[in-house]
Amino acid sequence: MKIIKVSSSENDLQSSISEIFVEGFYQWLKFFSKDKIKLAHAFSHAFNADVFYVAVENDETLGFAACTIQLNQRELRQYLGFIMGTVAYRVLKNEFEDKPYPFEITQDMGTIEFVATSSKHRGKGVATQIIQHIHAHTPFKKYVLEVADTNINAIRLYKKLGYQVFKRVPEPHSKQSGFNYYLYMQFVKNNV
């Protein structure tokens, strides 16, 4: 397995990243469409190659993690229809691009976002290796991430990597979202 920045790949990884993204976040994306193929097409434009890191093996994308994501309203409308595409853009723009954190993001702090692994490669250390690669190859002293309190596997992974919960924020729409709190976790490099 090799970890690379998407922008350095000779292959177009947008489609495979989008498929894994839909697979990993379907619980929240299915509101916009139950058709996973349609969702994958709708979001394939959104992954900024300069901030996404992927694990690849034999030309197969195993998983990814990023610092940011960019949405295109026109692309969402093309695949989800005018109304649902517009709704998806407005709802997710805040979540993906304009998301205010409940704390200050400083210049020495990186954000880890959108961690996902292909279902057939889960439990094999893919996400662990991607996050460790980001820690080793980016200049930040601290890293923060957000995770739903019900995502027990992700929380267990992040704790194993040295992340600690430093803030809990109630989810205002817990019945719709399926979780009660956003947990904010932080990792601090020892050797910096």
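Not measured: the values here are computed from a predicted model. (Residues numbered from 1 in each chain as written. Predicted model: local features only at pLDDT ≥ 70, side-chain atom pairs only at ≥ 80, totals over all residues. Heavy atoms only, no water.)

A. Spatial organisation of the packing of helix α2 (residues 36-43) against helix α3 (residues 73-80). Running from amino to carboxyl end, α2 crosses α3 at an angle of 160°, the nearest separation of the two axes being 8 Å. Between α2 and α3, the angle falls in the class roughly antiparallel. Taken as a pair, α2 and α3 cross one another with a handedness that is right-handed. Taking contact as the criterion, the partners of Lys 38, Leu 39, His 41, Ala 42 and Phe 43 in α2 are, on α3, Glu 75, Leu 76, Tyr 79 and Leu 80. (Axes fitted to C-alpha atoms, helices over the stretch in contact; angles between N-to-C directions. Helix = DSSP H or I, 4+ residues; strand = E, 2+ residues; numbered from the N terminus. Parallel < 35°, antiparallel > 145°, perpendicular 65-115°, else oblique. Left-handed = near helix turned anticlockwise from the far one by under 90°. Contact = heavy atoms within 4.5 Å.)

B. Local environment of the environment of Met 1. Note on placement: Met 1 falls in the segment before β1 (2-5). Along the chain, Met 1 and His 173 lie 172 residues apart, while their C-alpha atoms are 39 Å from each other. Setting aside chain neighbours within four positions, we find Met 1 in contact with Ala 55, Val 56, Glu 57, Leu 62, Val 126 and Gln 129.

C. Examining α2 more closely. Looking at α2, one finds that the buried residues are Leu 39, Ala 40, Ala 42 and Phe 43. Angular distribution of buried residues about the axis of α2 spans 160°; they occupy a single face of the element. For α2, the N-terminal capping position is held by Asp 35, with its side-chain oxygen 3.0 Å away from the main-chain nitrogen of Ile 37. (Buried < 20%, exposed > 50% of the residue type's maximum accessible area, 1.4 Å probe, protein only. Arc of directions from axis to C-beta. Polar contact = N/O pair within 3.5 Å; in protein donor to acceptor, adjacent residues only side chain to side chain.)

D. View of a nonpolar patch on the surface. Where nonpolar side chains cluster on the molecular surface, the patch consists of Phe 31, Phe 82, Ile 83, Val 87 and Val 91 and spans about 530 Å² of accessible area. Look at Val 91 and you get partly exposed, because its relative accessible area is 48%. (Patch = residues over 30% accessible without salt bridge, like charges linked within 9 Å, V, L, I, M, F, W, Y side chains within 5 Å. Areas by Shrake-Rupley, 256 points an atom, 1.4 Å probe, with all protein chains shown as cover. Salt bridge = Lys/Arg side-chain N within 4 Å of Asp/Glu carboxyl O.)

E. Seen up close, the sheet that holds strand β6 (residues 164-170). Strand order in the open sheet made by the 7 strands is β1-β2-β3-β4-β5-β7-β6, with mixed pairing throughout. Looking at strand neighbours, the two that pair on one side only are β1 and β6, the edges of this open sheet. Strand-to-strand, the axes of this sheet are offset by a mean angle of 30°, without reference to chain direction. The sheet strands contacting helix α6 (residues 152-160) are β4 (109-117), β5 (142-148) and β7 (181-188), and the helix crosses β5 at an angle near 160°. (Pairing = 2+ DSSP bridges.)

F. Broad picture of the confidence of the model for the protein. On average, residues of the protein score 88 in pLDDT, and 93% of them reach the 70 mark or higher. Element-level pLDDT for the protein is lowest in helix α4 (residues 82-96), with a mean of 81, against a maximum mean of 96 in α6. (pLDDT = per-residue confidence, 0-100.)

G. Highlighting the pairing of β4. Extensive coverage of β4 is indicated by the burial of 9 of its 9 residues. Sheet analysis places strand β3 (residues 60-66) next to β4, joined by 3 bridges and oriented antiparallel. Across the sheet, the residue bridging to Gly 63 is Thr 117, located in β4. Pairing between β4 and β5: 4 bridges, direction parallel. Directly across from Gly 110, in β5, lies its bridge partner Tyr 143. Handedness of the crossover joining β4 and β5 through helix α5 (residues 126-137) is recorded here as right-handed. (Right-handed = clockwise from strand over helix to strand, strands pointing away.)

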